[in-house]
Amino acid sequence: MTFHSMWAELLPIGRNSASGGYRRYAWTGADAECRGWFKEQAEGRGLTYEVDRNGNQWAWLGDPAAGDAVVTGSHLDSVPDGGAFDGPLGVVSSFAALDELRARGARFTKPLAVVNFGDEEGARFGLACVGSRLTAGQLGVEQAHRLTDGDGISLPQAMEAAGYDPDAIGADPERLARIGAFVELHVEQGRALDLSGDRVGIASAIWPHGRWRFDFRGEANHAGTTRLADRRDPMLSYAETVLAARREARLAGAVATFGKIAVEPNGVNAIPSLVRGWLDSRAADQETLDTVVGGVEKAAREYADAHGVDLEVVRESFTPVVEFDHALRDELARILGKDTDLKAPVLGTGAGHDAGILSGSIPTAMLFVRNPTGVSHSPAEFAAEDDCVAGVHALADVLEGLACR
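Residues numbered from 1 in each chain as written. Predicted model: local features only at pLDDT ≥ 70, side-chain atom pairs only at ≥ 80, totals over all residues. Heavy atoms only, no water.

**Quick look at the packing of helix H9 (residues 234-252) against helix H10 (residues 286-306)**
Packing of H9 against H10 brings their axes to within 9 Å, and their N-to-C directions diverge by 155°. Of the possible angle classes, the one that applies to H9 and H10 is roughly antiparallel. Two packed elements cross with a definite hand, and for H9 against H10 that hand is right-handed. Together, Ser237, Glu240, Thr241, Ala244, Ala245, Arg247, Glu248, Ala249 and Ala252 of H9 and Thr288, Thr291, Val292, Gly295, Val296, Ala299, Ala300, Tyr303 and Ala304 of H10 make up the contact between the two elements. (Axes fitted to C-alpha atoms, helices over the stretch in contact; angles between N-to-C directions. Helix = DSSP H or I, 4+ residues; strand = E, 2+ residues; numbered from the N terminus. Parallel < 35°, antiparallel > 145°, perpendicular 65-115°, else oblique. Left-handed = near helix turned anticlockwise from the far one by under 90°. Contact = heavy atoms within 4.5 Å.)

Spelled out as structure tokens, the structure:
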């Protein structure tokens with residue numbers, strides 16, 4: 001199958017007709033359809049298909065037990081009303097690159113695999129990269145079992161309902177020990193390549209980033225009869241904190257976003273008793289990130305005190321700066337610069353990826369494909385088909401250089 005035909009098959013799955021975005025949440029019906037598509041692609045190519053203990057899907061060419069395998073792939077799930085390219089572009093391109101290598105008559109000297117990591121976006125259970133975190137031992141079994149979605153359904157319940165064994169999850173060092181390199185292709189989440197005029201780039205590092213939950217607790221009361229002076233309104237403290245996050249990020253040259261909120265009792269004519277907001281912050285280095293988050297929390301506590309509101313801040317997830325394996329990164333640059341006119345600039349990114357999670361266990365690298373809008377996590381996310389095909393060619397060259405020598 002061509003890139004175009006595979007993309008057309010996957011495109012309708014999980015798409016919301018009203019928003020135009022995707023709702024492919026972990027262990028739901030849309031996720032099951034995506035997983036079924038992956039299995040069909042694997043078996044249609046005569047690859048050995050398997051699902052690991054954490055629900056990640058693998059399609060193998062060659063014997064995994066031989067070791068020093070070259071792995072590529074990404075994820076198929078999405079953020080709420082996300083775009084079509086974030087994740088799926090990497091999976092589709094991986095199968096297309098394998099097809100191209102076979103058409104070239106490439107002779108593989110190492111096992112090759114395509115992988116679909118589960119629950120990368122964390123849209124349902126609030127923690128990103130669950131599949132790769134579990135595999136790398138960065139998420140403990142007990143912690144994973146405590147994860148719940150907005151309806152109170154736990155991760156084990158969701159996995160079991162989807163036909164998977166939640167008691168089997170956990171670190172998988174034996175699997176990682178068989179992998180010599182992991183290369184993830186991904187749509188760029190920004191406009192660096194568009195501004196430089198390049199179709200494909202190589203990742204240098206992922207900024208340190210995390211998610212913090214701010215719980216502002218006040219007192220519920222009647223919106224029409226409670227004097228302003230008598231109110232303990234947590235919404236005021238929250239609103240001022242949102243502005244503080246923007247200010248702190250701007251001053252530090254970082255990013256900070258309150259993108260999710262929950263309000264209780266959530267009535268139009270009721271002063272809230274609880275406003276819970278989630279902060280996502282990212283910066284080029286740890287010191288800057290600490291400065292931003294520390295500044296936001298300090299301001300939030302001052303605002304809470306001023307309004308008679310209690311505040312609790314909980315760090316729900318954190319990923320330190322990730323420097324991709326320098327030797328592998330340089331090898332990608334060498335391969336793409338050999339016998340080709342393709343320029344592949346080296347770029348940093350503020351977005352987290354499975355390749356970043358796995359970088360502490362195995363050599364990892366990333367390729368980015370140009371996104372002319374720079375928009376991501378939105379239906380407006382886009383990559384032109386000729387750029388996607390250029391990405392496939394680049395990935396095929398990389399896989400050939402790593403697995404066929």
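**Some points on the side chain of Glu184**
Along the chain, Glu184 turns up in strand E5 (residues 179-187). Here Glu184 sits buried without a salt bridge, and the closest side chain of opposite charge, Arg282, lies 12 Å off (N-O distance). A polar contact is formed between the side chain of Glu184 and the side chain of Ser74, at a distance of 2.7 Å. Other than its neighbours up to four places away in sequence, Glu184 contacts Gly73, Ser74, His353, Asp354, Ala355, Ala365, Met366 and Leu367. (Buried < 20%, exposed > 50% of the residue type's maximum accessible area, 1.4 Å probe, protein only. Lys, Arg positive; Asp, Glu negative; His and termini not counted. Salt bridge = Lys/Arg side-chain N within 4 Å of Asp/Glu carboxyl O. Polar contact = N/O pair within 3.5 Å; in protein donor to acceptor, adjacent residues only side chain to side chain.)

**Some thoughts on the UniProt feature "binding site: allantoate" (unreviewed entry) in the protein**
The feature "binding site: allantoate" (unreviewed entry), as annotated in UniProt, sits at Arg211, Asn269 and Arg282 in this numbering. Considering the C-alpha atoms alone, the annotated residues occupy 72 residues of sequence and remain spread out, their largest mutual distance being 36.0 Å. Its location among the elements puts Asn269 in the loop between strand E9 (255-264) and strand E10 (270-271). Apart from the residues within four sequence positions on either side, Asn269 is in contact with Asn221, His222 and Ala223. You can see Arg282 is positioned in strand E11 (residues 274-282). We classify Arg282 as buried; its relative accessible area is 17%. With sequence-adjacent residues up to four places away left out, Arg282 is seen in contact with Trp207, Pro208, His209, Ala254, Val255, Leu289, Gly350, Ala351 and Gly352. (UniProt positions renumbered as here; feature names shortened; annotations may be inferred.)

**Looking at the environment of Val292**
Looking at where Val292 falls in the secondary structure, it is placed in helix H10. Looking at Val292, the relative accessible area reads 0%, which means it is buried. It is 7.5 Å that separates the C-alpha atoms of Val292 and Ala245, two residues lying 47 residues apart in sequence.

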